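# Structure at a glance
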Amino acid sequence: MGVVNVTPDSFSDGGVWFDPEAAIAHGLRLWEQGADIIDVGGESTRPGALRPDEPEEMRRILRVVAELAGAEVVVSIDTMRAAVAQAAVASGARIVNDVSGALGDPAMAEVVAAAGVDFVAMHWRGHSVDMQSRAHYDDVVADVCRELAARVAALTAAGVAPERIILDPGLGFAKLPEHNWALLRALPDLVATGHRVLVGSSRKRFLGLAGRDEQTIRPADARDIATAVTSAYAADAGVWGVRVHDVVATRDALAVRRAWRGESEDGR
Ligand code: PMM
């Protein structure tokens, strides 16, 4: 899954693809580079971020979704708003990626159930403005698995088919670095739920800190090698997808993994 943030303020690429034309061109480029899905988002979720209002979020994403979908690209819409999800699906999006797991908008589960599309339910504890104050766990793996299971129960009760639900541990969302690493180690537990699993480690701060400290942390634009390594390990753990900014690096990592294992190309 390649990332197209149509935002002025995302932590890793904020502002670069804010112009719709640039965002569309970027999505097409990531698709040509071998992404299987392009994830279009109009709201930054960086720690401390303030939310755009709904008309502004719609304005940012709708043309980008429509043009990419019109070019036969498989598009997911990264939104916490039911109305935005609904409009994006009407414009051709095939997956709704909700970092709040349908907690952010009480209408989301019903909209997704009615649309009959895939739904990414990410682990989330509250909006970005103060989410890091919620990074408290007894046992991060058990707590995240339990809170995700509660989302699955709520979604299926609203009519979402269980096989449509993709689970995501929500790396960096109300998580400290040690929480992210524990969740990555426990990916097989999430895979064992039988749901498809998506992982979003790309360019996140904890990867900048691997083997470094606060003084020597890799900047966001120097975290793509670290990201690609996590893509290969995530594939080993059996995940369905990885959400990344640099598609070429992850495709390379996955090609090396396949060759190492004596597997053939996956056809794209
Ligand atoms: N992370 C971000 C945004 N959307 N969606 C899913 N499913 N999982 C994630 O980990 C995730 C996400 C934040 O990263 P960005 O600002 O680089 O897009």
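Going by the structure above, here's the rest.
Cut-offs used in this document
- Residues numbered from 1 in each chain as written.
- Predicted model: local features only at pLDDT ≥ 70, side-chain atom pairs only at ≥ 80, totals over all residues.
- Heavy atoms only, no water.
- Near = heavy atom within 4 Å.
- Polar contact = N/O pair within 3.5 Å; in protein donor to acceptor, adjacent residues only side chain to side chain.
- Areas by Shrake-Rupley, 256 points an atom, 1.4 Å probe, with all protein chains shown as cover.
- Phe/Tyr/Trp six-rings, centres within 6.5 Å; stacked < 30°, edge-to-face > 60°.
- Helix = DSSP H or I, 4+ residues; strand = E, 2+ residues; numbered from the N terminus.
- Buried < 20%, exposed > 50% of the residue type's maximum accessible area, 1.4 Å probe, protein only.
- Pairing = 2+ DSSP bridges.
- Patch = residues over 30% accessible without salt bridge, like charges linked within 9 Å, V, L, I, M, F, W, Y side chains within 5 Å.
- Salt bridge = Lys/Arg side-chain N within 4 Å of Asp/Glu carboxyl O.
- Core = buried A, V, L, I, M, F, W, Y, C linked by side-chain atoms within 4.5 Å.
- Contact = heavy atoms within 4.5 Å.

## A short note on the site of the ligand
Taken together, 17 residues form the shell around the ligand, and within it Asn97, Asp168, Lys204, Arg243 and His245 come nearest. Within the contact set of the ligand, an oxygen atom lies 3.1 Å away from a side-chain nitrogen or oxygen of asparagine 5. At 2.7 Å from a nitrogen atom of the ligand is found a side-chain nitrogen or oxygen belonging to aspartate 168. Across the complex, the protein chains shield 98% of the 420 Å² of accessible surface that the ligand would expose by itself.

## Quick word on the packing of aromatic side chains
Scanning the model with the defined rule gives one aromatic pair in all. A centroid spacing of 4.9 Å and a plane angle of 75° characterise the contact between tryptophan 181 and phenylalanine 206, whose relative ring orientation is edge-to-face. Note that tryptophan 181 is positioned in helix H6 (residues 177-185) and phenylalanine 206 in helix H8 (residues 205-209), a separation of 25 residues in sequence. Judged by relative accessible area, which is 3%, phenylalanine 206 ranks as buried.

## A word on the sheet that holds strand E6 (residues 165-168)
Here eight strands make up an open sheet; going across it, the order is E1-E2-E3-E4-E5-E6-E7-E8 and the pairing parallel. The sheet is open, and its two borders are formed by strand E1 (2-5) and strand E8 (241-242), each paired with just one other strand.

## Quick notes on the environment of glycine 34
The topology assignment puts glycine 34 in the loop between helix H1 (20-32) and strand E2 (38-41). Using a relative accessible area of 11% as the deciding quantity, one classes glycine 34 as buried. Measuring from C-alpha to C-alpha, the distance between glycine 34 and proline 8 comes to 26 Å, with 26 residues separating the pair along the chain.

## With respect to a nonpolar patch on the surface
Where nonpolar side chains cluster on the molecular surface, the patch consists of Ile225, Val229 and Tyr233 and spans about 370 Å² of accessible area. Counting through the fold element by element, tyrosine 233 comes out in helix H9 (residues 224-236). On the basis of relative accessible area, tyrosine 233 is assigned to the exposed category, the value being 61%.

## Comments concerning the nonpolar core
Counting 69 residues, the largest nonpolar core has Ile38 and Val40 as its most contacted members. Contacts of isoleucine 38, omitting those with residues within four sequence positions, involve Gly2, Val4, Gly27, Leu30, Trp31, Leu68, Val73, Val74, Val75 and Ser76. Grouped together as the second largest cluster of nonpolar side chains are six residues, Met80, Val99, Met122 and Met131 included.

## Topic: the pattern of salt bridges
With the rule as written, the count across this model stands at 18 salt bridges. Put simply, glutamate 56 and arginine 60 hold a salt bridge, and the shortest N to O gap is 2.8 Å. Taken as a pair, glutamate 56 and arginine 60 lie in helix H2 (residues 54-70) at a separation of four residues, close to a single helical turn. With a closest N to O distance of 2.9 Å, aspartate 224 and arginine 203 form a salt bridge. In this pair, aspartate 224 is assigned in helix H9 and arginine 203 in the loop between strand E7 (196-199) and H8, connecting sequence segments 21 residues apart. Of the residues examined, aspartate 224 reaches a relative accessible area of 15% and is grouped as buried. Judged by its relative accessible area of 13%, arginine 203 falls in the buried class. One connected set of salt bridges, linked through shared partners, spans Asp236, Arg257, Arg261 and Glu263.

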